[in-house]
Amino acid sequence: MDKQSVEPVAAGRASGAGRVLVVDDDPTVAEVVSGYLDRAGYVVDRAGDGPSALAGAAAHWPDLVVLDLMLPGMDGLEVCRRLRGLGPVPVIMLTARGDEDDRIMGLEVGADDYVTKPFSPRELVLRVESVLRRARPLTGAPPLSAAGLTVDPAARRAAKNGVELALTLREFDLLAFLLRHPGRAYSREDLMREVWGWDFGDLSTVTVHVRRLRGKVEDDPALPRLIQTVWGVGYRFDPDGEEPGP
């Protein structure tokens, strides 16, 4: 595969599932992943490096990006940052390493999920379906508001004091959940299960998303007043913000 071009795998196919951009410099991995997504009904584009991925996304904006962390020239973290600068798009990060630091770095730059190589292509398709399902607006869900924050689940939009917030899928879901349950403390296990429907997983992902969300909704993220740490328990949303937490 020519790494300087984006290869349309099923560009002419009529599909209601959505468009996925697969970015991986390993042609075998890209071909297998693309094949499974194609059979699941997705329109799939492929890119072998960062620049061609950004060019492909600009030409045909995807509904989701499957992005390898280790890319030549421009790594997946930088590609994810630049994609976020172009517009909101869900990202599933692929990594050949199992280190917690790699997973956290991917989440820190805005990845919505991660899969560690080697992985089952069927599992990846299920992750894609799960992320896209979360991205769909919730028809009929009432707006939420507290402490200058507003969340419209039906439109998948959030704002602080009237200024729209650029949130990832997980950040949006976390903020909506907290606004629905003010004053109650939740453990990281509770949040992983109640917000994202996971019965198991790396609890550090919750910590990362709380930190990222604080950076967007708190006046001073170093002294958070809205999303407070409850020592020995987890986190609590306090709309009155009377006691800053660490």
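Analysis parameters
Residues numbered from 1 in each chain as written. Predicted model: local features only at pLDDT ≥ 70, side-chain atom pairs only at ≥ 80, totals over all residues. Heavy atoms only, no water. 1 Å grid on protein atoms, 1.4 Å probe; cavity = no way out; pocket = protein on both sides within 12 Å on 5 of 7 lines; lining within 4 Å. Points joined across faces, edges and corners; volume = space filled by probe spheres on them. Helix = DSSP H or I, 4+ residues; strand = E, 2+ residues; numbered from the N terminus. Nonpolar A, V, L, I, M, F, W, Y, C, P; charged D, E, K, R; others polar. Pairing = 2+ DSSP bridges.

Regarding the layout of surface pockets
Okay, step 1: The calculated volume of the largest pocket comes to roughly 630 Å³.
Okay, step 2: Along the wall of the largest pocket there are 28 residues; nearest its centre are P88, V89, P90, L167 and L169.
Okay, step 3: Breaking the lining of the largest pocket down by element, the ones donating at least two residues are α5 (121-135), β9 (157-160), α6 (169-180) and α8 (204-217).
Okay, step 4: Here the lining of the largest pocket is built from residues that sort into 15 nonpolar, 4 polar and 9 charged.

Examining the environment of L126
Okay, step 1: Its place among the elements puts L126 in helix α5.
Okay, step 2: Spatially, the C-alpha atoms of L126 and A40 are 9.8 Å apart, while their sequence positions differ by 86 residues.

What about the sheet that holds strand β11 (residues 185-186)?
The strands making up a sheet are joined through hydrogen bonds of the backbone, oriented either antiparallel or parallel.
Okay, step 1: Ordered in space as β11-β13-β12, the 3 strands form an open sheet in which the pairing is antiparallel. With one partner strand each, in any of the chains shown, β11 and β12 (227-230) form the two edges of the open sheet.
Okay, step 2: Bridge count between β11 and strand β13 (residues 234-237): 2 bridges; the pairing is antiparallel. Residue pairing across strands places A185 opposite R236, the latter belonging to β13.

Coordinates in, geometry out; function isn't part of it.
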